[in-house]
Amino acid sequence: MRPATAEDIPAVENMILARSAWLEERGHPSWRENASELARQAVNSDGDVWVLAEDGGQVIGCTTVQEQTPPWGWTHDELNESAHYLYSTVTDPAHRAKKPGTVMGLWVVDRAAREGKAWVRRGCHFPELVRYNETQGFRLVHEVQRTNGRVYLMGRRAERIADLEEKFQAL
C-alpha cells in the first residue's frame, strides 16, 4: 500500500473500467460514467487515496481513507469517537481470487490501531457489499435513506492484524 500519485491515474482508471465491466456483466450498476473523475482523485489535495500495487508496480486496488467520518447517519457520540473512514474501494477483478479488497480493508483496520484510532467505518450502497464487508469483520451499524438511495453504514473496531504481512505476500 502506498499513497496514490498522478502517475497512477491511468492505471486506476483502467482498473475502475475493468471492475465496471465485471459489475455490468452481473447486472449491477457500475462507475463507468465516472471512471475518469474517480481516477483523478488519486491526486486530491488531502492525499487520502491509497493504491495497492504489485512489486512490479501494477495497481490492483485503490481506496480512500479519511480522518473523519461523514457527519450524516452517525450519532453525535459516534462522531466523537476517533475513526478512519474507508470508501471508494475498487479492485481489479482479475485479482479477485486473492481478495485484494479484504487485504486493503484489513490494512486500514491495522493502520487505524497503530494510529490510536478506535474504529474503522465505511459506507456502501448495496446489500451484497454489506455481506462482503461483514466477511472482513465489519458490522452494519445504521441504514440511512439518502436522496439517491439507501446507504449502509458499517464499522469495525481498530485492531492490529497479526498476519497482515502474510496476506500482502499472498497477493
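Residues numbered from 1 in each chain as written. Predicted model: local features only at pLDDT ≥ 70, side-chain atom pairs only at ≥ 80, totals over all residues. Heavy atoms only, no water.

*Asks:* Can you help me understand the side chain of Thr91 in this one?
*Replies:* With respect to the secondary-structure elements, Thr91 resides in strand β4 (residues 83–91). At 2.8 Å, the side chain of Thr91 and the side chain of Arg19 are in polar contact. For Thr91, the contacting residues outside a window of four places in its chain are Met15, Arg19, Ile60, Gly61, Pro100, Gly101 and Met104. (Helix = DSSP H or I, 4+ residues; strand = E, 2+ residues; numbered from the N terminus. Polar contact = N/O pair within 3.5 Å; in protein donor to acceptor, adjacent residues only side chain to side chain. Contact = heavy atoms within 4.5 Å.)

*Asks:* Where do I start with the environment of Leu106 in this structure?
*Replies:* Following the sequence through the fold, Leu106 ends up in helix α4 (residues 100–114). Sequence spacing of Leu106 and Val120 is 14 residues, and the spatial spacing of their C-alpha atoms is 9.8 Å. Setting aside chain neighbours within four positions, we find Leu106 in contact with Gln136, Arg156, Ile161, Leu164 and Lys167.

*Asks:* When you look at α4 in this model, what are you seeing that I'm missing?
*Replies:* Spacing of three or four residues puts side chains on the same side of an α-helix, whose turn is 3.6 residues. The end-to-end C-alpha distance of α4 is 21 Å, a good match for the 21 Å that 15 residues give at a rise of 1.5 Å each. Most of α4 is tucked away: 13 of the 15 residues are buried. One or two steps after α4, the chain reaches Gly116, where phi turns positive at roughly 80°. (Expected span 1.5 Å × (residues − 1). Buried < 20%, exposed > 50% of the residue type's maximum accessible area, 1.4 Å probe, protein only.)

*Asks:* Looking at this structure, how should I read the environment of His76?
*Replies:* Summarising the element assignment, His76 is placed in helix α3 (residues 76–79). Here Asn80 takes part through its side chain, which lies 3.1 Å from a polar atom of the side chain of His76.

*Asks:* Help me out: how do you make sense of the layout of surface pockets in this one?
*Replies:* It is a probe the size of a water molecule, rolled over the atoms, that shows where empty space is left. Empty space within the largest pocket amounts to approximately 1800 Å³. What lines the largest pocket is a set of 49 residues, and nearest its centre among them are Trp31, Thr89, His125, Phe126 and Leu129. Ranked by residues supplied to the lining of the largest pocket, first place goes to β4 with seven residues. Residue composition of the lining of the largest pocket, grouped by class: 24 nonpolar, 16 polar and nine charged. Looking at the second largest pocket, its volume works out to about 210 Å³. Lining the second largest pocket, in full, are Met1, Leu52, Ala53, Glu54, Asp55, Ile60, Glu165, Phe168, Gln169 and Leu171. For the lining of the second largest pocket, the secondary-structure elements that each account for two or more residues are β2 (49–53) and α6 (164–170). (1 Å grid on protein atoms, 1.4 Å probe; cavity = no way out; pocket = protein on both sides within 12 Å on 5 of 7 lines; lining within 4 Å. Points joined across faces, edges and corners; volume = space filled by probe spheres on them. Nonpolar A, V, L, I, M, F, W, Y, C, P; charged D, E, K, R; others polar.)

*Asks:* Can you help me understand the pattern of salt bridges in this one?
*Replies:* It is possible for side chains of opposite charge to pair when their charged atoms get near one another. One pass over the structure, following the stated rule, counts eleven salt bridges. With a closest N to O distance of 2.9 Å, Glu24 and Arg32 form a salt bridge. Glu24 sits in the partly exposed class, given a relative accessible area of 35%. Between Asp110 and Arg114 there is a salt bridge, with its nearest N and O atoms 2.8 Å apart. Here Asp110 and its partner Arg114 are both found in helix α4, four residues apart, which amounts to about one turn of the helix. Judged by relative accessible area, Asp110 falls into the buried class, the value being 3%. The network of salt bridges with common partners includes Asp110, Arg114 and Arg160. (Salt bridge = Lys/Arg side-chain N within 4 Å of Asp/Glu carboxyl O.)

Such coordinate-based values are descriptive only and should not be taken to indicate function.
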